[in-house]
Amino acid sequence: MKKYLFYFYTLTLIIFLTGCSSKDNDGFFYNTFTKNMDMFLSNINVYVKNWGISIIIITLIVKGIILPFMLKNYKKQRTSSINMEKAKPELDLVQNKIKKLSEDQKRALNNDERMKIRIEQTELQKELFKIYKKYDCSPAIFGNLIPILIQAPFISTLQNPVYSKDILDSSFLSISLGEKSYILLILVFVIYMIVGKISQSMMQSNPMSQNTPEAERIQNVSKNMVWITPIMLTFLTYTSIAAIGIYFVVSGILVAFQILLGRKLYPPYVPKPVKTSNKQKTKLVKR
């Protein structure tokens, strides 16, 4: 499961990046989103008279639109942690059975026994998902794809500006926006590595994040995610004009702020220690 989630996220980023670099000035996506974003960027520059500042302003607007989705995801993660504590007795019961079956599988003498154990493991995995669903605590790692879709038109605009084509001949802080910038290349990699580390540390600080094998697998995937985004965005910055780099630098700083804000508003849930009697027994409640 871990590798499939990893491949899914990588494929999503690749599609996003390659789609943004399209030179087509036609089609539904361009006419509906990119064209309007291009005109909007041009109109902003009419008032501020600086393309670099115009990029920063529109980045702030885009991230402002994304912020509610980010905060909703943090809220959902906290709620999931609270519900995970309620589900833990039932989850532990099933997971112990799965663990025992794994040990039995190693001692199996023939294929028939192994097949029987695999069938039982599959049924128990289904039982796990039923418990996740019942308590609304399914582990999540990727959040919502809406933020990626919201940013796509603006990235496409900077890749192939039409109404804002004067951006190619302008500069900002002595950086030519129409050319490649190695300074921005380094900044993009460093900033998104920091963002990834902050995000990962917050996941690890969640006391409920290590209570299940599924959650542990998700944490392992998140370690790979720390490297994927910086590498992908650095590559896109390398193959693009500096205007793209300006957007990614400002966007990365704002993402770090959003993560810290989400942590402040919806901090990881800290479960209260519960004393259980040896006489207490946990029973699975099936629907």
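Summary of the structure given here. (Residues numbered from 1 in each chain as written. Predicted model: local features only at pLDDT ≥ 70, side-chain atom pairs only at ≥ 80, totals over all residues. Heavy atoms only, no water.)

What follows covers the overall build of the protein chain. When helices and strands are counted, the protein chain shows eight helices and two strands. When the helices and strands of the protein chain are read in sequence order from the N terminus, they spell out α-α-α-α-α-β-β-α-α-α. Within the protein chain, the fraction of its 287 residues that count as buried is 42%. Contacts spanning at least 24 positions in sequence make up 81% of the contacts within the protein chain whose residues lie at least 6 apart. Put simply, the protein chain shows about 17000 Å² of open surface, and 61% of that area lies on carbon and sulfur atoms. (Helix = DSSP H or I, 4+ residues; strand = E, 2+ residues; numbered from the N terminus. Buried < 20%, exposed > 50% of the residue type's maximum accessible area, 1.4 Å probe, protein only. Contact = heavy atoms within 4.5 Å. Areas by Shrake-Rupley, 256 points an atom, 1.4 Å probe, with all protein chains shown as cover.)

The subject of this paragraph is helix α8 (residues 242–265). Taking 1.5 Å as the rise per residue, α8 with 24 residues should run 34 Å; its terminal C-alpha atoms sit 34 Å apart, in good agreement. Taking burial as the measure, the 24 residues of α8 include 17 buried ones, the bulk of the element. (Expected span 1.5 Å × (residues − 1).)

Moving on, we come to a nonpolar patch on the surface. On the surface, Phe 40, Ile 61, Ile 65 and Phe 69 cluster together into a nonpolar patch covering about 310 Å² of accessible area. For the nonpolar patch, the leading source of residues is helix α3 (residues 51–107), giving three residues. Looking at the element boundaries, Ile 61 is found in helix α3. (Patch = residues over 30% accessible without salt bridge, like charges linked within 9 Å, V, L, I, M, F, W, Y side chains within 5 Å. Salt bridge = Lys/Arg side-chain N within 4 Å of Asp/Glu carboxyl O.)

To continue, consider the nonpolar core. Membership of the largest hydrophobic core comes to 39 residues, with the highest contact counts inside it found for Ile 55, Phe 154, Leu 158, Ile 167, Leu 177, Tyr 247 and Phe 248. Secondary-structure elements contributing two or more residues to this core are α2 (28–48), α3, α5 (146–159), α6 (182–204), α7 (213–238) and α8. The biggest single contributor to this core is α8, with twelve residues. In this structure, Leu 177 is in contact with Trp 51, Gly 52, Ile 55, Ile 167, Ser 170, Ser 171, Phe 172, Ile 241, Ala 242, Ala 243 and Ile 246, ignoring residues within four places of it in sequence. With 13 residues, the next largest nonpolar core counts Ala 87, Ala 108, Leu 128 and Ile 131 among its residues. (Core = buried A, V, L, I, M, F, W, Y, C linked by side-chain atoms within 4.5 Å.)

Attention shifts here to the packing of aromatic side chains. Ring pairs (aromatic) are described by centroid distance and by the angle formed between their planes. On inspection of all chains with the given rule, the structure shows three aromatic pairs. Taking 6.2 Å as the distance between ring centres and 65° as the angle between the ring planes, the aromatic pair formed by Phe 129 and Tyr 132 counts as edge-to-face. Placement of both Phe 129 and Tyr 132 in helix α4 (residues 111–135) is noted, with a separation of three residues, approximately one turn of the helix. For the pair Phe 154 and Tyr 247, a centre-to-centre distance of 5.0 Å together with 75° between the ring planes defines the contact as edge-to-face. (Phe/Tyr/Trp six-rings, centres within 6.5 Å; stacked < 30°, edge-to-face > 60°.)

Okay, the pattern of salt bridges next. Considering all chains together, one arrives at three salt bridges under this definition. Among the salt bridges present, the one from Lys 134 reaches Glu 90, with a minimum N-O distance of 3.0 Å. In this pair, Lys 134 sits in helix α4 while Glu 90 sits in helix α3, placing the two residues 44 residues apart along the sequence. Residue Lys 134 is classed as partly exposed on the basis of its relative accessible area, which comes to 24%. Notably, a salt bridge pairs Lys 126 with Glu 123, separated by 3.7 Å at the nearest N-O pair. A residue pair is termed a helical-turn pair when its members lie 3 or 4 positions apart in one helix, as Lys 126 and Glu 123 do in helix α4 at three residues. Residue Glu 123 is classed as partly exposed on the basis of its relative accessible area, which comes to 44%.

This brings us to α2. Here α2 contains 21 residues, and its C-alpha end-to-end distance of 30 Å stays within 8% of the 30 Å for a straight helix at 1.5 Å per residue. The principal kink in α2, of about 35°, is found at Thr 34. Of the positions making up α2, those classed as buried are Tyr 30, Thr 34, Met 37, Asp 38, Leu 41, Ser 42, Ile 44 and Asn 45. Phi for Lys 49, located one or two positions after α2, is positive at around 60°. (Bend = angle between axes of the 7 residues up to and from the residue.)

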